[in-house]
Each structure stands twice: as structure tokens, then as C-alpha cells.
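# Coordinate inspection notes
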Amino acid sequence: MMMHEPRQFTPSLPALRGQWAEHVSMAKHVSWRAGGVARRTYVPADLNDLSAMLASLPVDEPVLFVGLGSNLLVRDGGYNGTIVFLHAALNELSVASGEANVPSPLIYAEAGVASPKVARFAANHGCDAAFLAGIPGTVGGALAMNAGCYGAETWSFVEKVCTMDRAGVRHTRTPQAYEIGYRHVAAIDAAAANEVFAGAWFRFPVIEPSVARDSIKTLLKKRVASQPLRWPNAGSVFRNPPGDFAARLIETTGLKGLRIGGAEVSQQHANFIVNPAGAATASDIEQLMTTVQARVAAATGVQLIREVRIVGDAPPSSISLGS
């Protein structure tokens, strides 16, 4: 698919306090360290500024919200729209008002807060959110895909969320407003379908702070031992199919170490695709994903489903391999 002609517009700058930039390489902003160029990017000053920015955009302007870029691939042809960086922008993390002396206080975290930071904050307040230490992204991303690990999932602890629509209007919604499943969250009400998660209120199980901190250390040691964290990667690439593990299917199909260009199926954990030399293109990574899906399906009959989000345009010379 060829890159469209760039949209031209002048944002309503006088009302905004954040930072605009144009022609930004997304390889610097995704954990794979590969990918195309964003037409423009914005880092909001805070939640109010994000609201004002969204209200300033043309209604047909594509917008993509990015946290740490740990579950994202931007095709080499780039993203012809506005990418909003939330990490270090929407960063409030606090105990909700009136909850300071409650055994399991309601914890509020904005979408740009790193999930491991929430785990540590919760531990210090006598709450067990250790699983979040194993999720290499932000609260916004964890909410969008019901991220989880080691038997726990994000939405199991959500009491309510703050969302923002395309016009910059805030809403408060409960879990009942969504269809929630394994790595899946979808708004039931069409009005909420195009809203972005701006923050959430969590209530986690009570635990001794020292025990919670020890749990986090144990989890992180397990993660370091089992995952190829020394190389650029995006975490688990495929969902686990019912009753099985994607990594097992990929390994038994003989795909560990399979390479396309600079991208490689990890020798350490088969459900990871790594960029060991930093030379992989987004096309290399996407083609490797597609190849793994095809070979696993041919060998086992199981169609692996991606966890990774792929956006943007392929370069003009590239051949579309489907999804």
C-alpha cells in the first residue's frame, strides 16, 4: 500500500502547551527499534492539554496513541497522521481521595504511567499488583488489550476508567461498559468505541508491603531468565491458543532461530521476535510474523493470532502478505 499525500493543517497552537514535531522516526519510539516515520507527533503537557489538542484536530485526521511502544509496529512506509506520546506526559499515580487509610486503597494511574511503576507503587501501599511488573508497557496499553502475565490480567482489578473521545471530552466508565476477554477489550456501547483510555482506578488485593516487593523481585528474575530482554523485542508476539502455548507450537514446528532480514525468532523464547543487530526493518518483522503463522498453521492446524498492533503504510515496493 502506497503512502498517501500528507495532510496539511495548522494546529491551534495558542491554546496548546505540549510539543509538536514532524517527520519523527518511530524506530526511536517502539521497543523493536524498527519502523517508519510519523507525519507528526504530539506530547501533551497533561490531560487538559490532550483534550485541547484533540479538539483542535480536523475530524478526519488519523490519531494513534503510543505509550512505551512495546506492543506496536509502524510499517516502513510510515504513519500519515498524528501520533500522541502519552508516556511521561499522562503520568499521575496516586491514592484516590479519601482512600489513604483503607486497607486496599483505590489507586489511580494515568495512561502514560509504566505498568511496573504501578506495581511498585501498589506494593508500597500494601497492595499486590506484582504481575504488572512483568508487563513492559504503560497503563493505557494494558487497559487497551487486557494485558497480563503469570495468571493475572489488568481488568480483573479495574473499578472504573477515565476515557477521552475524539472531541477531547472526558468520560468515566465501568468495566460493565466493555466486553473483556483474553487480550481483548471492546466497548459494548458504540459511543465509547472510539474513546482512548486516559487513566484508571484500580483496587488490588491486600498484602504486606515487604511480601509484595519480594514478589516483584521474584517475578522480574523469572522474566529475565526466560525472555530475550537483551535484544529489541515487543514481548509476546502471539496470543496463546486455548489449552496450549504459542511458544510451544512455534518451537515444535522448528522455527526457533528462523530469520528474515534482520528479524529473528528468539532462540530463548519462541514467542518472541527479536532485532539482535538493530538492523531489522518493520517489513522484516511483519514478514517473519506472517511466515510463523503460516508454518504453524500448516504443521498443527492452529492459526496463531497476533498480540502486536501493526499500523501505517508499507513502502511502495513492498508486497502485501496479508495479516
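Scope of this entry: the structure provided in the associated data block. Given the structure is predicted, the values throughout are model-derived calculations rather than measurements.

Basis of the calculations
Residues numbered from 1 in each chain as written. Predicted model: local features only at pLDDT ≥ 70, side-chain atom pairs only at ≥ 80, totals over all residues. Heavy atoms only, no water. Pairing = 2+ DSSP bridges. Helix = DSSP H or I, 4+ residues; strand = E, 2+ residues; numbered from the N terminus. Axes fitted to C-alpha atoms, helices over the stretch in contact; angles between N-to-C directions. Contact = heavy atoms within 4.5 Å. Phe/Tyr/Trp six-rings, centres within 6.5 Å; stacked < 30°, edge-to-face > 60°. Buried < 20%, exposed > 50% of the residue type's maximum accessible area, 1.4 Å probe, protein only.

The subject of this paragraph is the sheet that holds strand β5 (residues 79–85). Within the open sheet, the four strands sit side by side as β1-β2-β5-β3. Their pairing is mixed. Two strands close off the open sheet at either side, each with one partner strand: β1 (19–25) and β3 (63–66). Between one strand axis and the next, the sheet turns through 30° on average, direction left out of account. In terms of strand pairing, strand β2 (residues 37–43) meets β5 through four bridges, oriented parallel. The partner of Arg40 across the bridge, within β5, is Thr82. Across the sheet, helix α1 (residues 47–56) touches β1, β2, β3 and β5, and the angle it forms with β3 is around 160°.

A word on the packing of aromatic side chains. Tallied over the full model, the rule gives eight aromatic pairs. Where Trp155 meets Tyr178, the ring centres are 5.2 Å apart and the plane angle is 55°; that geometry is what we call tilted. Here the residue Trp155 occupies a position in the loop between β9 (152–153) and β10 (158–164), and Tyr178 occupies one in strand β12 (residues 178–181), the gap between them amounting to 23 residues. Residue Trp155 shares its accessibility class with Tyr178, and that shared class is buried.

A separate point is the sheet that holds strand β14 (residues 196–202). With antiparallel pairing, five strands are arranged side by side in an open sheet as β6-β7-β14-β10-β11. In the strand order of this sheet, the two ends are held by β6 (93–95) and β11 (170–173), each with one partner. When the angles between neighbouring strand axes are averaged without regard to direction, this sheet yields 20°. When β6 meets strand β7 (residues 107–110), the two strands line up antiparallel, connected through three bridges. The residue bridging Ser94 from the neighbouring strand is Tyr108, located in β7. Sitting on the sheet, α1 is in contact with β7, β10, β11 and β14, with an inclination near 45° to β10.

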